[in-house]
Amino acid sequence: MTGAGKGALLVVGDVVTDIIARHRTPLAAGTDTAARITTLPGGAGANVACWAARSGTADVRLLGRVGADSAAWHERALRAAGVRPHLVTDRRAATGTVISLVGADGERTFLTDGGAVLGLSTADWSDGLLNGVGHMHISGYLFFAATSRALARAAIVAARSRAIPVSVDPASAGFIRRFGVDRSLAALAGTDVLLPSHDEAALLAGLPDPADAAAGLSRLFPLVVAKQGARGALVAASGRIVARVPAEPVTAVDATGAGDAFTGAFLAARLAGRDPVAAARRGCRAGARAVAQVGGRPQGPW
């Protein structure tokens, strides 16, 4: 989204069940560690859609794939959050599941079973999903399996044919490392706005310094907004850093979905006509709200 967008936001991405285990003491190998365990709807794509809706976008749509085991639960949760779900029900694979291990500092480690997510395919796509859409966002998790990667590429091509801007969150440094940097960059071709984390940006750019990595990637993608967690965000374009946006101070409870919150609020602000720096400030505000609660979706009044 190199300019302000208008219309609906279409998110193409993952819908999963999050099992969040908050442990106040280090994990004890071979025995028990006390934890508070919560099961919530999640998934990077679904979280982004929910935060965009909470941030003011009136028409947010989500294309995803879930198992029959929890399709109704996920659809109800998305509709309650103000999202229009287009969920494909997989009769063979269960809904994807993520176990999030959250330590006392709020940082999390994920154990991920993609399940039905990675079965999202070109057969699930229709160009009609783009009718009335002002921006399309793709969750990078789709790029790490052949079937869902083909769908993501088809969606990008379809959006570009209609001059609809596309953003991508690369999703996972671990998956990028296994998939390969060159293959990842090739899969991301045609992206207008790249929204990587610090680790993802460093890996994709091959540069350890956050500013160098964001600036370097902005030579490949028109706009790069690199999420830096407690250090805020870097906005880069045309090979240089345009702005350094500070994070809002917060006591971290659970970092699950903080980057998704940033992305959802950022995209909502851009669709409302905000410039990238102002939109990044909105993203930092949403990220702070996300880490102050348990789970990756917006909760309670703002």
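This brings us to the overall build of the protein chain. A count of helices and strands for the protein chain gives nine helices and 13 strands. In the protein chain, which comprises 302 residues, the proportion classed as buried is 55%. Summarising the internal contacts of the protein chain: among those between residues at least 6 apart in sequence, 70% fall at separations of at least 24. Carbon together with sulfur atoms contributes 52% to the accessible area of the protein chain, which is approximately 12,500 Å² in total. With 32 positive and 23 negative side-chain charges, the protein chain shows a spacing of 6 Å between the two charge centroids.

Another aspect to go through is the sheet that holds strand E10 (residues 193-194). Taken in spatial order, the nine strands make up an open sheet running E5-E4-E1-E8-E9-E10-E11-E12-E13, and their pairing is mixed. The outermost strands of the open sheet, each flanked by one partner alone, are strand E5 (83-90) and strand E13 (240-245).

Our focus in this paragraph is the layout of surface pockets. Approximately 190 Å³ is the volume attributed to the second largest pocket. Forming the boundary of the second largest pocket are 14 residues, of which Ser55, Gly56, Ala265, Ala268 and Arg282 lie nearest the centre. Listing elements by their share of the lining of the second largest pocket, those giving two or more residues are helix H8 (258-271) and helix H9 (276-291). Counted by class, the lining of the second largest pocket contains seven nonpolar, three polar and four charged residues.

Moving on to the pattern of salt bridges. Within the structure shown, the criterion is met by eight salt bridges. Across the salt bridge formed by Arg61 and Asp59, the nearest N and O atoms sit 3.0 Å from each other. Here Arg79 ties to Glu75 by a salt bridge, and the two come within 3.1 Å at their closest N and O atoms. Taken together, the residues span about one helical turn, with Arg79 and Glu75 both in helix H2 (residues 71-80) at a distance of four residues.

Moving on: the packing of helix H6 (residues 198-205) against helix H7 (residues 210-217). Across the interface, H6 lies against H7 with an axial gap of 9 Å and an inter-helix angle of 60°. Between H6 and H7, the crossing angle belongs to the class labelled oblique. Taken as a pair, H6 and H7 cross one another with a handedness that is left-handed. In this structure, H6 contributes His198, Ala201, Ala202, Leu204 and Ala205 to the contact, and H7 contributes Pro210, Ala213 and Leu217. Of the residues belonging to the contact of H6 with H7, the class tally is seven nonpolar, one polar and no charged.

Turning to the nonpolar core, a few remarks are in order. Counting residues in hydrophobic clusters, the biggest one holds 41 residues, and the most contacted among them are Val12, Trp125, Leu130, Met136 and Ile138. Breaking this core down by element, the ones donating at least two residues are strand E1 (8-12), strand E8 (133-139), helix H3 (146-161), strand E9 (166-169), H6, H7, strand E11 (223-227) and strand E12 (233-237). With six residues, H3 is the single largest residue contributor to this core. Excluding its chain neighbours within four sequence positions, the residues that come into contact with Trp125 are Leu10, Val12, Leu63, Leu130, Met136, Leu151, Ala155 and Ala158.

Moving on to H9. Over its 16 residues, H9 runs 22 Å from end to end, which matches the ideal 22 Å to within 8%, given 1.5 Å per residue. The set of residues buried in H9 consists of Val277, Ala278, Ala279, Ala280, Gly283, Cys284, Ala286, Gly287, Ala288, Ala290 and Val291. For H9, the secondary structure elements touched by its buried residues are helix H1 (44-54), E12, E13 and H8. One side-chain oxygen at the N-terminal end of H9 lies 2.9 Å from the backbone nitrogen of Val277; it belongs to Asp275.

Our focus in this paragraph is the pairing of strand E7 (residues 108-113). Here strand E6 (residues 96-102) runs beside E7; their pairing, made up of six bridges, is antiparallel. Bridge assignment links Leu101 to a residue of E7, and that residue is Thr109. Between E6 and E7, which pair antiparallel and follow one another directly, the connecting turn spans five residues, one of which, Gly106, has a positive phi of 85°.

Its identity as a non-glycine residue notwithstanding, Ala163 has a phi of 60°, on the positive side. Tracing the chain through its elements places Ala163 in the loop between H3 and E9.

Spatial ordering of the open sheet is given by E3-E2-E6-E7, a layout of four strands whose pairing is mixed. Of all the strands in the sheet, the pair left with one neighbour each is strand E3 (36-42) and E7. Put simply, the sheet's adjacent strands are angled 20° from each other on average, direction ignored. Together, strand E2 (16-22) and E3 form the strand contacts of H2, whose direction differs from that of E3 by roughly 75°.

Okay, the packing of aromatic side chains next. For the structure on display, the rule yields four aromatic pairs. Seen from their ring centres, Phe144 and Phe179 are 6.0 Å apart, and the 80° between their planes marks the pair as edge-to-face. Of the two residues, Phe144 sits in the loop between E8 and H3 while Phe179 sits in helix H4 (residues 173-179), which places them 35 residues apart along the sequence.

Calculation rules
- Along each chain, residue indices are assigned from 1 in the same order as the chain's sequence is written.
- Side-chain atom pairs in this predicted model are given and counted only at pLDDT of 80 or more, local residue features only at pLDDT of at least 70, and totals for whole chains, interfaces and linings cover all residues.
- Where side-chain values are given, they derive from all heavy atoms of the structure, hydrogens and water being excluded.
- Only runs of H or I of at least four residues qualify as helices and only runs of E of at least two qualify as strands under DSSP, and these elements are numbered from the N terminus.
- In this scheme, a residue with accessible area under 20% of its type's maximum is buried, one over 50% is exposed, and one in between is partly exposed, where area comes from a 1.4 Å probe on protein chains only.
- Contacts between residues were defined by any pair of non-hydrogen atoms, one from each residue, lying within 4.5 Å.
- Note on areas: these come from Shrake-Rupley sampling with a 1.4 Å probe, and a residue is covered only by the protein chains present in the view.
- Charge convention: Lys and Arg are scored as positive, Asp and Glu as negative, and His as well as the terminal groups of each chain are ignored.
- The atom standing in for a charge is NZ when the residue is Lys, CZ when it is Arg, CG when it is Asp and CD when it is Glu.
- Think of it this way: DSSP has to see at least two bridges between two strands before they count as a pair.
- Lining residues are defined by having an atom within 4 Å of a point belonging to a cavity or pocket. Those points lie on a 1 Å grid over the protein atoms alone, cavities being sets where a 1.4 Å probe fits but cannot get out and pockets being open sets with protein on both sides within 12 Å along at least five of seven lines.
- Grid points are joined across faces, edges and corners, and a volume is the space filled by probe spheres set on the points.
- Classes in brief: Ala, Val, Leu, Ile, Met, Phe, Trp, Tyr, Cys and Pro nonpolar; Asp, Glu, Lys and Arg charged; the others, Gly included, polar.
- What makes a salt bridge here is a side-chain nitrogen of Lys or Arg within 4 Å of a carboxyl oxygen of Asp or Glu, nothing more.
- Orientation is described by axes fitted as lines to C-alpha atoms, over the contacting stretch for helices, and by angles from 0 to 180 degrees between their N-to-C directions.
- Should an angle fall under 35 degrees it is taken as roughly parallel, and over 145 as roughly antiparallel, whereas 65 to 115 is taken as roughly perpendicular and any remaining angle as oblique.
- It is the rotation of the near helix from the far one that decides the hand of a crossing: anticlockwise by less than a right angle makes it left-handed, clockwise makes it right-handed.
- Among buried residues, the Ala, Val, Leu, Ile, Met, Phe, Trp, Tyr and Cys ones that are joined through side-chain atoms within 4.5 Å form a nonpolar core.
- What a helix should span is 1.5 Å times the count of its residues minus one.
- Counted as a polar contact is a pair of N or O atoms within 3.5 Å, where, for protein atoms, one must be capable of donating a hydrogen and the other of accepting one, and residues adjacent in sequence contribute only when both atoms are in side chains.
- To pair, rings of Phe, Tyr and Trp, with the six-membered ring standing in for Trp, must have centres within 6.5 Å; the planes then decide the type, stacked if under 30 degrees apart, edge-to-face if over 60, and tilted in the middle.

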